Amino acid sequence: MDLILLGPPGAGKGTQAKMMADRWEIPQVSTGDILRAAVKEGRPLGLEAKSFMDRGELVPDRVVIGIIGERLEEKDAAGGFILDGFPRTIPQAEALQEILAGLGRKISCVLSIEVEEEKLVVRLTGRRICRNCGQSYHLVFNPPARDGICGRCGGDLYQRDDDKEETIRQRLTVYREQTQPLVGFYESKNLLKRIDGSDSKEKIFSGIVEVVESDCRG
Ligand code: AMP
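Scope of this entry: the structure provided in the associated data block. (Residues numbered from 1 in each chain as written. Predicted model: local features only at pLDDT ≥ 70, side-chain atom pairs only at ≥ 80, totals over all residues. Heavy atoms only, no water.)

## Digging into the packing of aromatic side chains
Within a pair of aromatic rings, the relevant descriptors are the distance that separates the centres and the angle that separates the planes.
Inference 1: Counted by the stated rule, this structure contains one aromatic pair.
Inference 2: Consider the rings of Phe185 and Tyr186, whose centres lie 5.0 Å apart with planes at 85°: the pair is edge-to-face. Per residue, the accessibility class of Phe185 equals that of Tyr186, and both read buried.
Inference 3: The ring of Tyr158 has Arg131 lying over it, and the distance from NZ or CZ to the ring centre is 4.5 Å. (Phe/Tyr/Trp six-rings, centres within 6.5 Å; stacked < 30°, edge-to-face > 60°. Buried < 20%, exposed > 50% of the residue type's maximum accessible area, 1.4 Å probe, protein only. Lys NZ or Arg CZ within 6 Å of the ring centre and 35° of its normal.)

## Thoughts on the nonpolar core
Inference 1: The biggest cluster of nonpolar side chains holds 28 residues, and the ones touching the most others in it are Ile68, Leu72, Leu83, Leu96, Ile107, Val110 and Tyr186.
Inference 2: Elements that contribute at least two residues to this core include exactly β1 (2–6), α3 (44–55), α4 (61–71), β3 (81–84), α5 (90–102) and α8 (181–187).
Inference 3: Look past the residues within four positions of Val110 in its chain and what remains in contact with it is Ile4, Leu6, Tyr186, Leu191, Leu192 and Lys193.
Inference 4: Listed in part, the 26 residues of the second largest apolar core include Leu3, Ile195, Val209 and Cys216. (Core = buried A, V, L, I, M, F, W, Y, C linked by side-chain atoms within 4.5 Å. Helix = DSSP H or I, 4+ residues; strand = E, 2+ residues; numbered from the N terminus. Contact = heavy atoms within 4.5 Å.)

## Regarding the pattern of salt bridges
Inference 1: The final tally for this structure, using the stated rule, is 19 salt bridges.
Inference 2: The shortest N-O distance in the salt bridge between Arg127 and Asp163 comes to 2.9 Å. With a gap of 36 residues between them, Arg127 in strand β5 (residues 127–130) and Asp163 in the loop between β7 (157–158) and α7 (165–179) connect regions that are remote in the sequence.
Inference 3: Look at Arg127 and you get buried, because its relative accessible area is 16%.
Inference 4: Salt-bridge contacts for Glu165 lead to Arg169; the nearest nitrogen and oxygen are separated by 3.1 Å. (Salt bridge = Lys/Arg side-chain N within 4 Å of Asp/Glu carboxyl O.)

## Quick look at the layout of surface pockets
Inference 1: Roughly 150 Å³ of volume is contained in the second largest pocket.
Inference 2: The wall of the second largest pocket is formed by Pro8, Ser112, Ile113, Glu114, Val115, Glu117, Leu120, Leu172, Tyr175, Arg176, Gln180 and Val183.
Inference 3: Among the secondary structure elements, those contributing two or more residues to the lining of the second largest pocket are β4 (109–114), α6 (117–125) and α7.
Inference 4: Looking at the lining of the second largest pocket, its residues break down into seven nonpolar, two polar and three charged. (1 Å grid on protein atoms, 1.4 Å probe; cavity = no way out; pocket = protein on both sides within 12 Å on 5 of 7 lines; lining within 4 Å. Points joined across faces, edges and corners; volume = space filled by probe spheres on them. Nonpolar A, V, L, I, M, F, W, Y, C, P; charged D, E, K, R; others polar.)

## Quick look at the pairing of β1
Inference 1: For β1, a buried count of five out of five residues is recorded, marking the element as mostly surrounded by other parts of the structure.
Inference 2: Of the two faces of β1, the one lined by Asp2, Ile4 and Leu6 and the one lined by Leu3 and Leu5 are each fully buried.
Inference 3: Summarising the sheet, β1 and β3 pair through four bridges and their orientation is parallel. In the strand pairing of β3, Leu3 is matched with Ile82.
Inference 4: Bridge analysis of β1 against β4 gives four bridges, and the strand direction is parallel. Bridging across to β4, Leu3 finds its partner in Cys109. (Pairing = 2+ DSSP bridges.)

## Here's the deal with the environment of Arg169
Inference 1: You can see Arg169 is positioned in helix α7.
Inference 2: Those residues in contact with Arg169 that sit more than four places away from it in its chain are Glu118 and Val121.

## A few points about unusual backbone geometry
Inference 1: For the bond running from Phe86 to Pro87, omega is -5°, close enough to zero to count as cis.
Inference 2: Inspection of the secondary structure puts Pro87 in the loop between β3 and α5.
Inference 3: A positive phi angle, near 55°, is found at Glu25, a position not held by glycine.
Inference 4: With respect to the helices and strands, the residue Glu25 is situated in the loop between α1 (13–24) and β2 (28–30).
Inference 5: Under the relative-accessibility criterion, Glu25 is labelled exposed at 72%.
Inference 6: Phi at Asn190 takes a positive value of approximately 60°, unusual for a residue other than glycine.

And the structure:
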């Protein structure tokens, strides 16, 4: 199954992608995670991407398309993948179609996780992430048992630079202007499945499982 998770920042794409990856044993492919790892390791890709990410803007299409082209050719993606945070623009979606056509594959479903904007701001400002294993927490909705410490691996929790309120507003504007048009793009191809993202992560996940297991395994 070749799946895309679409949705604004804070919709829960990363959390859901991890749960989906465990259930169907296919990798989560997150361009945000790949870029953050490149920044952390000081690689040229990271140097190029960092200023865009810090401002809450999109990294140029050419850069992320290159990342995805390489990543989807890796062995672990041969049986399917969950794209989390890609595509984010129409040119990225068009490039993805070409990449997949070159591999003799096509998208199974696009899951659009829908949440009101004010809820997203609350979710994102409280988000904390483990520096070591990437596990996500929320100060109010899913607090760690020990302040600042990951319950899974004991790593330190941190707030992403782009989860500060001003940057969040900018990311939401970018989403509305550049990424939201993908909803119509995939709807016209009959690939879009809408998921209510306002509930708990467990409820959102059951919604996803129901849709994927009935409509996306072709
Ligand atoms: P995310 O973790 O998906 O919220 O991504 C964090 C940041 O990485 C975004 O705000 C962008 O600056 C950059 N980024 C991630 N994925 C993409 C993409 N598909 N296209 C452009 N920029 C991206």
